[in-house]
Each structure stands twice: as structure tokens, then as C-alpha cells.
Amino acid sequence: MFGLGITEILLILGIIILIFGAKKLPEVGSGLGRAIQNFKKASSESDEIDVTPSKDKDKEA
């Protein structure tokens, strides 16, 4: 995995726990998960924007 061994991964996780604290870690994880989910959703949607006026507004005018 990216040329990292178990020792390096544990060291990185330890530093992350020191920076964010054990209580904030679930919040950080859920926020990261939502960000990834929104990115995947945005990348799978089409880039076109529908600017066609609805028929209800045409009848009123």
C-alpha cells in the first residue's frame, strides 16, 4: 500500500489521533466520508444544466 509498512501506518495514525484527539476522530471520518460521497455524486452527474422553461410559467404569461 503506497510502499508503507505497518510501522509507518501506525505512526501516521498515532499522529492523527494526537492532532485531532480521540473524540473528534469519528466526526473527521464522517465528514471525510460525506465529502467523498458528494464528490462521487457530482462526478457521475451530467454537466449539462436544463434551462428549458416549464410549461406552467408559459401559460401564466
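Thresholds, definitions, all that
Residues numbered from 1 in each chain as written. Predicted model: local features only at pLDDT ≥ 70, side-chain atom pairs only at ≥ 80, totals over all residues. Heavy atoms only, no water. Helix = DSSP H or I, 4+ residues; strand = E, 2+ residues; numbered from the N terminus. Buried < 20%, exposed > 50% of the residue type's maximum accessible area, 1.4 Å probe, protein only. Areas by Shrake-Rupley, 256 points an atom, 1.4 Å probe, with all protein chains shown as cover. Patch = residues over 30% accessible without salt bridge, like charges linked within 9 Å, V, L, I, M, F, W, Y side chains within 5 Å. Salt bridge = Lys/Arg side-chain N within 4 Å of Asp/Glu carboxyl O. Expected span 1.5 Å × (residues − 1). pLDDT = per-residue confidence, 0-100.

## Thoughts on the overall build of the protein chain
A tally of regular secondary structure across the protein chain gives three helices and zero strands. Secondary structure elements of the protein chain occur, N-terminal to C-terminal, as α-α-α. Counting only residues that meet the buried cut, the protein chain has 0% of its 61 residues in that class. For the protein chain, the computed accessible surface area is about 6,100 Å², with 64% contributed by carbon and sulfur atoms.

## Section: a nonpolar patch on the surface
On the surface, a nonpolar cluster with roughly 1,200 Å² of combined accessible area is contributed by Phe2, Leu4, Ile6, Leu10, Leu11, Ile12, Leu13, Ile15, Ile16, Ile19, Phe20 and Val28. Considering each element in turn, the nonpolar patch owes the most residues, nine residues, to helix H1 (residues 6–20). Relative to the elements of secondary structure, Phe2 occurs in the segment before H1.

## Structural notes on H1
Taking 1.5 Å of rise per residue, the 15 residues of H1 would be expected to cover 21 Å, and the 21 Å separating its terminal C-alpha atoms lies within 8% of that figure. Once H1 finishes, Gly21 follows within two positions and takes phi at roughly 85 degrees, a positive value.

## A look at the pattern of salt bridges
Applying the stated criterion across every chain, the model contains one salt bridge. Across the pair Glu27 and Lys24 runs a salt bridge whose closest N-O atoms are separated by 3.8 Å.

## Observations regarding the confidence of the model for the protein chain
Mean pLDDT over the protein chain works out to 81, with 85% of the residues at or above the 70 mark. Per-element confidence in the protein chain ranges from a low mean pLDDT of 61 for helix H3 (residues 55–60) to a high of 89 for H1.

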